[in-house]
Structures are given as structure tokens and as C-alpha cells.
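Architecture and fold: a report
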Amino acid sequence: LGPDRGSSSDLMEQADLALAEARTLPGGAMVRFDQAMRSALVDRLRAEADLREALATGRIVTHYQPVIDLESGRICGLEALARMVAKDGSVVPPSFFIPVAEGLGLIKQVGSVVLRQALRDLTLICHELQRDVSMAVNVSVEQLDDTFVALVVESLAESGVPAEQLVLELTESALAESRERAGDV
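Here we summarise the structure given alongside this text.

Calculation notes
- Residues numbered from 1 in each chain as written.
- Predicted model: local features only at pLDDT ≥ 70, side-chain atom pairs only at ≥ 80, totals over all residues.
- Heavy atoms only, no water.
- Helix = DSSP H or I, 4+ residues; strand = E, 2+ residues; numbered from the N terminus.
- Rg over C-alpha atoms; globule rule 2.2 N^0.38 Å.
- Buried < 20%, exposed > 50% of the residue type's maximum accessible area, 1.4 Å probe, protein only.
- Contact = heavy atoms within 4.5 Å.
- Areas by Shrake-Rupley, 256 points an atom, 1.4 Å probe, with all protein chains shown as cover.
- Lys, Arg positive; Asp, Glu negative; His and termini not counted.
- Charge placed at Lys NZ, Arg CZ, Asp CG, Glu CD.
- Core = buried A, V, L, I, M, F, W, Y, C linked by side-chain atoms within 4.5 Å.
- Pairing = 2+ DSSP bridges.
- Salt bridge = Lys/Arg side-chain N within 4 Å of Asp/Glu carboxyl O.

The helix and strand inventory of the protein chain stands at six helices and five strands. The linear arrangement of helices and strands in the protein chain, starting from the amino end, is α-α-β-β-β-α-α-β-α-β-α. Against the compact-globule benchmark of 16 Å for 185 residues, the protein chain has a radius of gyration of 21 Å, which places it well outside the compact range. Dimensions of the protein chain, computed from C-alpha atoms along their principal axes, come out at roughly 70 × 45 × 35 Å. Residues counted as buried form 32% of the 185 residues belonging to the protein chain. A separation of at least 24 residues holds for 60% of the contacts in the protein chain among residues at least 6 apart in sequence. Accessible surface computed for the protein chain: about 11,800 Å², of which carbon and sulfur atoms make up 55%. Averaging the locations of the 17 positively and 29 negatively charged side chains of the protein chain gives two centres separated by 5 Å.

Below, the structure written as C-alpha cells:
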């Protein structure tokens, strides 16, 4: 079935979009094309292009969330938060660009940028605070390959930060994914 108007290439494009959508669903789901699919594709392609450009132009930045010692009220650590700055200067929420990065296989690049920047900044922050604090950096399961340890060691050496100040946290998506693989979900 197809629209009343349109070429065979339009119909093939719509069938491809419906097929791609059906493949994301469990089992032998049937999907009928609608315009929302085309809009979603355009949005996804735009998000992919924006992420690639942000990586190339240094618009992946790191923000920090303090960890406070409740007894003293002092900062005892920080959590590094990946952010993407849009061309207009607004900050893109991680819930938007992190799944895109994971889907494109670019999460390793994003993670590397955040890790290196967080450790460089940690030396400055510790100097400002006049004491050592820890830095927590989120790690996606896609980053855990045979190059990850070398990246961490190299980043620590470049920054001069002692390893005991770095806390690596597996992201919630990594834990959910490992549970799904194990069949716990």
C-alpha cells in the first residue's frame, strides 16, 4: 500500500523507513509508514551531523557537579558531566546526544574528551581548593575495550593526577545493557 501520489522511489524510501523502524521493535512487528518516521529520520541525521561537528570543533565540554562532605560541608569530589554546546551557544542535554554518540560508535571519542579535560581541570581545581579531591568520570560500556586502560594511564600521566583521585563510574545504560545480556531484565 502506498500514497495516492508519489513515485516508486518515494514508495521505496517509505518502505525502507518502515523496515528500519520495524527492526527496532521486538519480534516480527509490522510497521506502516507515517510522516513521523521521516521527521524522526531527519532529526536523527541532524543530531548525528551536529555531534560529529561538535567533536571536530571542540564543542564537547565538561561541566562539574560537586560532591559535598555532609559533615564538613566541603567539596570532597566532583563528577564530570559531558555536555555538547550547540552552534548557537545553548547546551544540548546529554539525554539527547549521548544515545546518538553510542549509536554511532562515537562514545569513545566523547569519553576520551571528557576524561582528558576532567583530569586537566582537576589539577587546577585542587590548586584552587588547596587540597586534593576526587574526580568521578562516567564510562559507557562501549568504551571498555583493549584501548581503555591505556587511555586512562595516558590521561593520568598527562595531567599529573594520581590514580587514587580518579573514580570511574559505569553509566546506568551500561549496567542495564549488561543485565539484558545476562537475561536479568
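Past the structure itself, the notes keep going.
Counting residues in hydrophobic clusters, the biggest one holds 33 residues, and the most contacted among them are L51, I60, F97, V110 and V137. Counting only elements with at least two residues in this core, the list comes to α2 (35-57), β2 (75-85), α3 (94-104), α4 (107-129), β4 (134-139) and α5 (148-159). The leading source of residues in this core is α4, at eight residues. With sequence-adjacent residues up to four places away left out, L51 is seen in contact with I60, M84, F97, V100, A101, L104, L106 and V110.

Turning to the side chain of R116, a few remarks are in order. With respect to the element layout, R116 can be found in helix α4. Not counting residues within four places of it along the chain, the set of residues in contact with R116 comprises L151, E154, S155 and E158.

This next bit is on the pairing of β4. Pairing between β2 and β4: four bridges, direction parallel. Across the sheet, the residue bridging to L78 is M135, located in β4. Sheet topology places β4 next to strand β5 (residues 166-170); five bridges connect them, and they run parallel. Counted as the bridge partner of V139 is L170 from β5.

Before going further, it helps to spend a moment on the pattern of salt bridges. Inspection of every chain in the model, using the stated rule, returns eight salt bridges. Here R44 and E48 are joined by a salt bridge, their closest N and O atoms 3.1 Å apart. Of this pair, R44 and E48 both sit in helix α2, four residues apart, roughly one helical turn. Residue R59 is joined to E53 by a salt bridge in which the shortest nitrogen-to-oxygen separation is 3.5 Å. E53 sits in the partly exposed class, given a relative accessible area of 31%.

The next subject is the environment of D34. For D34, the location among the structural elements is in the loop between α1 (8-23) and α2. C-alpha separation for the pair D34 and V139, spaced 105 residues apart in sequence, amounts to 37 Å.

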